2 protein chains.
Amino acid sequence: MTDTSKAAVKKSAPKKAAAVTGRRYRGVSEEARQAERRQRFIEAGLSVFGSRGYHSSTVRSICAEAGLTERYFYESFSNSEDLLCVVYDYTNQRIRERILATLMDAPREPSAIAYATLEAFLTIMRDDPRMAQILFVEVLGVSERVDAKYRASVENFAQLMQQMIAPLLDAETLPAPLQPDILSVAMLGSVITVVSRWMIGGFREPIATLAENLHVVLVALLRHLIILADAPDSSASK
Amino acid sequence: MTDTSKAAVKKSAPKKAAAVTGRRYRGVSEEARQAERRQRFIEAGLSVFGSRGYHSSTVRSICAEAGLTERYFYESFSNSEDLLCVVYDYTNQRIRERILATLMDAPREPSAIAYATLEAFLTIMRDDPRMAQILFVEVLGVSERVDAKYRASVENFAQLMQQMIAPLLDAETLPAPLQPDILSVAMLGSVITVVSRWMIGGFREPIATLAENLHVVLVALLRHLIILADAPDSSASK
């Protein structure tokens, strides 16, 4: 909670003495209750932005979904875009966690890790299309701030991908001018575009079809890079 | 020109008899002059949307750039979004033409065709960053209509890619569940995402670096698919 929003709360609700930080109500600290309200707005944002669309959503509709008043909204967020940024972070975080949890059980082999990751990601998207909608549609073209977040997210997932397949995408074994960062972004781009199209088409194809096609793209690159690393004298791509 | 916009012109400029279709001015038909004005607005749209951004652009600023009055704008376009759609089509068309022109001179060999296509596309983007800006940033998140155009464009370019590498991405030689349409969209997605990132980073890396990295992704897939087609009993991606 920022100082500004604290001040806003005090100003807009001078009579609610219990709302002042540090006071307790039914044994729960105000801080804990505020965190709980914030979380309810995040879930409401995921729901409303992810189904109705960001541009068609109002703070009022978010509040209705959360079952909380606008005063509480502005306690945690300065506006709708602010909430969108938080919902986006939250979505990315949940995806990261799900993928990492999957990897705990996957065999320690690059191809199997890649398949498990793709399968996990596809399952999350199909099971919660609101997340897919936020990820692939709603965050695009909103503002420079959201654009910057989107780009940072692409870099983060590309780095995650790079770490997973690190032994093969190692810069030292790659013949110039191949770069692990560019190759990782290329792989991520293929995933983003195929999954986005899958979502827009209503998730018609089975998860296994998508996973196999995306997996073959990744495996093909990994195998090719192994061949290139073994024969560094050959030209990179010809 | 639609009937509606014709009516709008007549209504808003009743005194300009020469503007009525079919009349001539200095030997040029009104239709030809209107087409020329429309083209000036498209160039102005490319310039203004591509540098200032769609959301920061007004019809007024487009008109100033075109050196034409708003009356002429509404003669050809119903609003700013309408012009954006036309500018987007125009950009896509110019890219298609440049790529096809490049392919006329490229050797008839899939790997060389792919490299020439990538190089041509990267050169167009760097030489006219306004086009890259329209393609990768400005058309996103504007409206359902523009979103639909963007998706149609992805499908079109994926089909173009599929045609170019047709012999290898042939559905009949691909072991199930691999699909040429999904693989083409994956390849296009890797190009879109890498080039978009390159643009946002100010086109720092040389064209050859980008082309080689994207080419290796494509070549790797093609080689892998050849191996799979030769050994159809093996699992597609494992």
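Since this is a predicted model, take the numbers as computed values, not measurements.

## Some remarks on the UniProt feature "DNA-binding region" (unreviewed entry) in chain A
- According to UniProt, the positions carrying the feature "DNA-binding region" (unreviewed entry) are residues 58-77 of chain A.
- Its end C-alpha atoms 13 Å apart, residues 58-77 of chain A is made of 75% helix and 0% strand.

## Topic: the relation of the copies chain B and chain A
- Once turned by 180 degrees and shifted 0.0 Å along the axis, chain B lies on chain A with an RMSD of 0.0 Å. Those values place the two copies in the arrangement expected of a two-fold rotation axis.

## With respect to the interface of chain B and chain A
- On the chain A side, the residues contacting the 43 residues of chain B number 43 residues.
- Of the roughly 3,800 Å² buried between chain B and chain A, counting both surfaces, carbon and sulfur atoms make up 65%.
- Considering only the surface of chain B that becomes buried against chain A, Ile182(B), Arg197(B) and Asn213(B) emerge as the three largest contributors, covering 16% of it.
- The interface formed by chain B and chain A holds 4 salt bridges in total.
- Between Asp181(A) and Arg197(B) there is a salt bridge; the shortest N-O distance is 3.2 Å.
- Put simply, chain B and chain A have 10 residue pairs in polar contact (both at pLDDT 80 or more) between them.
- Breaking the side of chain B that touches chain A down by element, the ones donating at least two residues are helix H6 (110-127), helix H8 (144-164), helix H9 (180-200) and helix H10 (207-230) of chain B.
- With 14 residues, the top contributor of residues to the side of chain B that touches chain A is H10(B).

## Here's the deal with the packing of helix H7 (residues 129-138) of chain A against helix H9 (residues 180-200) of chain A
Residue and element names in this part refer to chain A.
- With their axes 10 Å apart at the nearest point, H7 and H9 run at an angle of 120 degrees to one another. The orientation of H7 relative to H9 falls into the category oblique. For H7 against H9, the interelement crossing comes out left-handed. Of H9, the residues touching H7 (which contributes Ala-132, Gln-133, Phe-136 and Val-137) are Ile-192, Val-195, Ser-196 and Met-199.
- The residue makeup of the contact of H7 with H9, split by class, is 6 nonpolar, 2 polar and no charged.

## Concerning the nonpolar core
- In terms of nonpolar packing, the biggest core is built from 154 residues, with Met125(A), Phe136(A), Met125(B) and Phe136(B) touching the most fellow members.
- Filtering out sequence-adjacent residues up to four positions away, Met125(B) remains in contact with Ile95(B), Met131(B), Ala132(B), Leu135(B), Phe136(B), Val195(B), Trp198(B) and Phe203(B).

## Description of the layout of surface pockets
- Approximately 760 Å³ is the volume found for the largest pocket.
- Only H7, helix H8 (144-164) and H9 of chain A together with helix H7 (129-138), H8 and H9 of chain B provide two or more residues apiece to the lining of the largest pocket.
- Among the elements that take part in the lining of the largest pocket, H9(B) stands out by supplying 6 residues, more than any other.
- Classifying every residue of the lining of the largest pocket gives 17 nonpolar, 8 polar and 8 charged.

Rules used in this analysis
- Residues numbered from 1 in each chain as written.
- Chains lettered and ligands numbered in written order.
- Predicted model: local features only at pLDDT ≥ 70, side-chain atom pairs only at ≥ 80, totals over all residues.
- Heavy atoms only, no water.
- UniProt positions renumbered as here; feature names shortened; annotations may be inferred.
- Helix = DSSP H or I, 4+ residues; strand = E, 2+ residues; numbered from the N terminus.
- Least-squares fit on C-alpha atoms with pLDDT ≥ 70 in both.
- Contact = heavy atoms within 4.5 Å.
- Buried area = accessible area lost by both parts, 1.4 Å probe.
- Salt bridge = Lys/Arg side-chain N within 4 Å of Asp/Glu carboxyl O.
- Polar contact = N/O pair within 3.5 Å; in protein donor to acceptor, adjacent residues only side chain to side chain.
- Axes fitted to C-alpha atoms, helices over the stretch in contact; angles between N-to-C directions.
- Parallel < 35°, antiparallel > 145°, perpendicular 65-115°, else oblique.
- Left-handed = near helix turned anticlockwise from the far one by under 90°.
- Nonpolar A, V, L, I, M, F, W, Y, C, P; charged D, E, K, R; others polar.
- Core = buried A, V, L, I, M, F, W, Y, C linked by side-chain atoms within 4.5 Å.
- Buried < 20%, exposed > 50% of the residue type's maximum accessible area, 1.4 Å probe, protein only.
- 1 Å grid on protein atoms, 1.4 Å probe; cavity = no way out; pocket = protein on both sides within 12 Å on 5 of 7 lines; lining within 4 Å.
- Points joined across faces, edges and corners; volume = space filled by probe spheres on them.

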